[in-house]
Amino acid sequence: MKIVTWNINGVRARIGNLLHWLQEANPDIVCLQEIKTQDEGFPRLEVEALGYHVETHGQKGFNGVAILSKLRFDEVNRGLPGDDSDDHARFIEGVFSTRQGALRVVSLYLPNGNPADDPVKFPYKLAWMERLERWARGRLDLEEPLVLAGDYNVIPEPIDARFPENWVNDALFQPATRQAFRRLENIGFTEAVRATTEAAGVYTFWDYQAGAWQKDNGIRIDHLLLSPEAADRLAATSIDKHVRAWEKPSDHVPVAVELALDAA
DNA sequence: ATGGCAGCGTCCCGCTGA
């Protein structure tokens, strides 16, 4: 079972890249972030034509997440519980049947939080991370394979940036941000890419500006966190870095995990 | 990043992103 997360930075602007990549990578489940459209604007017919079921949680202009799946959805939940006043579309959960039992997959787009001294944006990021932890603790009680996949907007460690010194004042690399991410790991989640490589120079995002891609000035901020039951079935991870060199690319690339699970 | 891209809606400028 191949599960992938990709911040696509506008699904309507990226539909050609998405269709090409789906055929090349042949994933079973895809978690998209920043679809930047309302649900009715998602190009679902083109994606369905490739054999995928589509569930979205969109909003006008920015944010928005989706899950594409070759497996039928048994259940879909939209929005991260814990704050009814939060109207950002950043969270969608799908439940699937496998031969080994239920599988839960979340596509999440964690708030950026910049500027780090902003009285609203940075606290919103930390509060969202606290809500995610609270929600995730509850899901761990189910003792099921669960994948929390998405754009976390978190650089976990200095090794996850080409120039970590450039990020010390950034919300993505603040001590409080990194601590909140470690808390998610410490309650029982395994970060899939770091579980499979200790290598430096592994990035998932390169800014459009200042020739960041050409200089390999990247950061690793797209992650897949695995519950114990999912981590026990972790077979491999991969990053489709070559997609960043395509025409009209997203600034993020797909990050994949292979789990030893079979569709029911 | 003293902001040099890119997508989107308010649509040829302003906002958001990281």
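Chains are numbered independently. Their residues run from 1 in the order of the written sequence. All chains are assigned letters beginning with A, and all ligands numbers beginning with 1, in the order in which they are written. Confidence filtering applies because this is a predicted model: local features only for residues at pLDDT of at least 70, side-chain atom pairs given and counted only at 80 or more, and all residues used for totals across whole chains, interfaces and linings. Only hydrogens and water are set aside when side-chain values are computed; all heavy atoms of the structure are taken into account.

The name an unreviewed UniProt entry assigns to chain A is Exodeoxyribonuclease III, from the organism Mesorhizobium marinum. Taken verbatim from the UniProt record of chain A, the Cofactor (unreviewed entry) comment is "Mg(2+)". UniProt positions are given in the numbering used here, feature names are shortened, and annotations may be inferred rather than shown by experiment.

Asker: Give a description of the environment of Ala102 that names residues and reports values.
Answerer: Helix and strand assignments come from DSSP, with helices taken as H or I runs of at least 4 residues and strands as E runs of at least 2, each series counted from the N terminus. Within the element layout of this structure, Ala102 appears in strand 7 (residues 101–109). Think of it in three bands: residues with accessible area under 20% of the maximum for their type are buried, residues over 50% are exposed, and the middle band is partly exposed, with areas taken using a 1.4 Å probe on protein chains only. Among the residues examined, Ala102 registers a relative accessible area of 31% and is labelled partly exposed. When the C-alpha positions of Ala102 and Val4 are compared, they lie 18 Å apart, and in sequence the two are 98 residues distant. Contacts are assigned to residue pairs that have any heavy atoms within 4.5 Å of one another. Apart from the residues within four sequence positions on either side, Ala102 is in contact with Phe96, Glu144 and Pro145.

Asker: Explain the pairing of strand 6 (residues 91–98) residue by residue, including any values.
Answerer: The element strand 6 is extensively covered by neighbouring structure, given that 7 of its 8 residues are classed as buried. Whether two strands pair depends on DSSP finding at least two bridges between them. Two elements, strand 6 and strand 7, share 8 bridges in a ladder whose sense is antiparallel. Opposite Phe91, over in strand 7, you have Leu108 as the bridge partner. A loop of 2 residues connects strand 6 with strand 7, the two strands running antiparallel in sequence.

Asker: For helix 4 (residues 175–186), give the residues involved together with the corresponding values.
Answerer: Any helix carries an expected span of 1.5 Å times its number of residues minus one. Taking 1.5 Å of rise per residue, 12 residues should cover 16 Å, and helix 4 covers 16 Å from first to last C-alpha, within 8% of that figure. Within the span of helix 4, buried status applies to Thr177, Arg178, Ala180, Phe181 and Leu184. Considered in projection along helix 4, the buried side chains sweep an arc of 160° and stay on one side of the axis. Turned more than 90 degrees away from the buried face of helix 4, the exposed residues are Pro175 and Asn186. Lining the buried residues of helix 4 we find helix 3 (121–140), strand 9 (190–191) and strand 12 (222–226). Positive backbone phi, approximately 135°, marks Gly188, located one or two places after helix 4. Arc definition: it is the arc formed by the directions from the helix axis to the C-beta atoms.

Asker: Break down the pairing of strand 12 for me, with residues and values.
Answerer: Most of strand 12 sits inside the fold, with 5 of its 5 residues counted as buried. Every second residue of strand 12 is oriented toward a common face, with Asp222, Leu224 and Leu226 on one face and His223 and Leu225 on the other, all of them buried. Of the strand pairs in this sheet, strand 8 (residues 146–151) and strand 12 are connected by 5 bridges, and their pairing is antiparallel. When the sheet's bridge partners are listed, Ala149 is paired in strand 12 with Leu224. Where strand 9 meets strand 12, 2 bridges bridge the pair, whose relative direction is antiparallel.

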